[in-house]
Amino acid sequence: CRSQLFLKNIDEARRDAFAATIFSQNCDGDAHECLAEVCAASNDALGEMQAVKSAILQYERMEEEYSRPLPGADAPARAEAVKKRSHAAARKRELGFRVGKLERELRGS
């Protein structure tokens, strides 16, 4: 998706982004973020906001999943879970700001 965006091929990027969300069974926040980037590149603010909100939901799910205790897990596995949980929380926070900006833009239109 992002390589197609880099090449300014919006239609192919959109197809790739949709395919990524479908293949991930709508469980990959990055696939939704890529779709949001495609929508932004094609000036589709509403589609961008929907994709960003979907990404936030996926990062919330990841954060919850990696917050669960890992009984019997070794230290590296626990450290990896903390790293993934922190990444999900950071992405969620950043995307929350983006949703606010998009909502303001859509209200102003």
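Calculation rules
- Residues numbered from 1 in each chain as written.
- Predicted model: local features only at pLDDT ≥ 70, side-chain atom pairs only at ≥ 80, totals over all residues.
- Heavy atoms only, no water.
- Helix = DSSP H or I, 4+ residues; strand = E, 2+ residues; numbered from the N terminus.
- Buried < 20%, exposed > 50% of the residue type's maximum accessible area, 1.4 Å probe, protein only.
- Contact = heavy atoms within 4.5 Å.
- Lys, Arg positive; Asp, Glu negative; His and termini not counted.
- Charge placed at Lys NZ, Arg CZ, Asp CG, Glu CD.
- pLDDT = per-residue confidence, 0-100.
- Disulfide = S-S within 2.5 Å.
- Expected span 1.5 Å × (residues − 1).
- Polar contact = N/O pair within 3.5 Å; in protein donor to acceptor, adjacent residues only side chain to side chain.

**Some remarks on the overall build of the protein chain**
Stage number 1. When its secondary structure is counted, the protein chain shows five helices and zero strands.
Stage number 2. Counting from the amino terminus, the protein chain carries its helices and strands in the arrangement α-α-α-α-α.
Stage number 3. Dimensions of the protein chain, computed from C-alpha atoms along their principal axes, come out at roughly 50 × 30 × 20 Å.
Stage number 4. Expressed as a percentage of the 109 residues in the protein chain, the buried residues total 31%.
Stage number 5. Counting contacts in the protein chain only where the partners sit at least 6 residues apart, residues at least 24 apart contribute 64% of the total.
Stage number 6. For the protein chain, the distance from the average position of its 18 positive side-chain charges to the average position of its 18 negative side-chain charges is 4 Å.

**Things to note about the confidence of the model for the protein chain**
Stage number 1. Scored by pLDDT, the protein chain comes out at a mean of 92, with 99% of its residues at no less than 70.
Stage number 2. Taking the mean pLDDT of every element in the protein chain, the minimum, 85, falls on helix α1 (residues 2-6) and the maximum, 95, on helix α3 (residues 29-41).

**Remarks on the state of the cysteines**
Stage number 1. Within the structure shown, the criterion is met by one disulfide.
Stage number 2. Two residues share a disulfide in this structure: C1 and C34, whose sulfurs sit 1.7 Å from each other. Between C1 and C34, the S-S torsion sits near -115°, and that sign places the bridge as left-handed. Within this pair, whereas C1 is found in the segment before α1, its partner C34 is found in helix α3, the two being separated by 33 residues in sequence. Each of the two residues, C1 as well as C34, counts as buried.
Stage number 3. Here C27 is not cross-linked by a disulfide; its sulfur's nearest cysteine counterpart is in C34, at 17 Å.
Stage number 4. With no disulfide partner, C39 has as its closest neighbouring cysteine sulfur the one in C1, 9.6 Å distant.

**Digging into α3**
Stage number 1. For α3, which comprises 13 residues, the first-to-last C-alpha distance of 18 Å matches the rise-based estimate of 18 Å (1.5 Å per residue) to within 8%.
Stage number 2. Burial in α3 covers these residues: G29, A31, H32, E33, C34, L35, A36, V38 and C39.
Stage number 3. For α3, the N-terminal cap is D28; the gap from its side-chain oxygen to the backbone nitrogen of D30 is 3.1 Å.

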